[in-house]
Amino acid sequence: MTRIVVFLLALLAAFPVLVAETRAAETLSEGQVLRGAFVQERFLKGFQAPLKSEGRFALAPGRGLIWRTETPFAVTTVMSPAGLVQEVKGNETMRLPAARLPFMSKLYTMLGGALTGDWKALEDMFAVERGGGADAWTLHLTPRRADDPTMPIRAIDVRGGRFVDEVEIVKPDGDRDRLTFRDQVLKAEPPTADEAALLASAGRP
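What counts, and where the lines are drawn
Residues numbered from 1 in each chain as written. Predicted model: local features only at pLDDT ≥ 70, side-chain atom pairs only at ≥ 80, totals over all residues. Heavy atoms only, no water. Helix = DSSP H or I, 4+ residues; strand = E, 2+ residues; numbered from the N terminus. Buried < 20%, exposed > 50% of the residue type's maximum accessible area, 1.4 Å probe, protein only. Contact = heavy atoms within 4.5 Å. Areas by Shrake-Rupley, 256 points an atom, 1.4 Å probe, with all protein chains shown as cover. pLDDT = per-residue confidence, 0-100. Phe/Tyr/Trp six-rings, centres within 6.5 Å; stacked < 30°, edge-to-face > 60°. Lys NZ or Arg CZ within 6 Å of the ring centre and 35° of its normal.

Hey, could you run me through the overall build of the protein chain in this one?
In terms of helices and strands, the protein chain carries four helices and eleven strands. Evaluated residue by residue, the protein chain yields a buried proportion of 49% over its 205 residues. Pairs at least 24 residues apart make up 51% of the contacts formed inside the protein chain by residues separated by at least 6 positions. As displayed, the protein chain has an accessible area near 9,800 Å², and 52% of this comes from carbon and sulfur atoms.

Is there a simple way to explain the environment of Gly161 in this structure?
Relative to the helices and strands, Gly161 is located in the loop between β9 (155-160) and β10 (164-170). Residue Gly161 is classed as buried on the basis of its relative accessible area, which comes to 6%. The spacing of Gly161 and Ala134 is 27 residues in sequence and 7.1 Å in space, taken between C-alpha atoms.

Explain unusual backbone geometry to me, please; I cannot follow it from the model alone.
Excluding glycine, residues mostly carry a negative phi; peptide bonds, for their part, are mostly trans. Cis rather than trans, the peptide bond between Thr71 and Pro72 has omega equal to 5°. Locating Pro72 in the fold gives a position in the loop between β3 (64-71) and β4 (75-80). Even without being glycine, Lys89 reaches a positive phi, approximately 50°. Relative to the elements of secondary structure, Lys89 occurs in the loop between β5 (83-88) and β6 (91-97). Residue Asp183 is not a glycine yet carries a positive backbone phi of 55°. Residue Asp183 is classed as exposed on the basis of its relative accessible area, which comes to 52%.

What exactly am I supposed to notice about the confidence of the model for the protein chain here?
Keep in mind that low pLDDT regions are not for reading the predicted coordinates in detail. When pLDDT is averaged along the protein chain, the result is 79, and 75% of the positions lie at 70 or above. Predicted confidence for residues 13-25 stays below pLDDT 50, and this span has 38 contacts to residues more than four positions away or in other chains.

Can you help me understand the packing of aromatic side chains in this one?
The relative placement of two aromatic rings is captured by the distance of their centres and the angle of their planes. A full pass over the atoms with the stated rule returns four aromatic pairs. Aromatic side chains Trp67 and Phe181 sit 6.3 Å apart centroid to centroid with 70° between the ring planes, which places their arrangement in the edge-to-face category. Highlighted residues: Trp67 in strand β3 and Phe181 in strand β11 (residues 176-187), separated in sequence by 114 residues. Look at Phe181 and you get buried, because its relative accessible area is 4%. Through a chain of ring-to-ring contacts, three or more aromatic side chains come together here, namely Phe38, Phe57, Trp67 and Phe181. Looking at Arg176, its charged tip hangs above the ring of Phe43, at a distance of 4.0 Å from the centre.

Encoded structure:
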């Protein structure tokens, strides 16, 4: 579940709408694709150093997110409104329809709506504290219902400028994940043929 939550929150990499109150933010829309690189560090109890992975992502609003971990192991995870699928070396290793994970469906709907300007849904689930200025802003999100058993998050801290630069997710047990994004490029173009095939695969039953 943790990996899925982190994956979903990678959507925050394209969350300029959240800072609309503090700057003239650029928003994503269907017909655009945001691509970039990420570094994920997992800070777990009992480990002196974080577990680190790196890779690239592509986000197509309204269609889904492709999350390609390249090191230490090549794993491709794809999420669409219909569900999530994971592949290793071209072989499917996991398929989860959105209906089987209520939290996943809820969070995807919330973040997907925010990408297109409907960020009120996010504030229905999280209390949002904003800080910083137009070019270097911060957000601190805490669940409005901390006792919700389907909420595997204690807090989220986000910082960024044009796009999100870093997201840190703290779980109820104190473990945390840090996602750092770089080389983000937004283009008004459809997904590549490879990306379109991966996004379509996540929608199959």
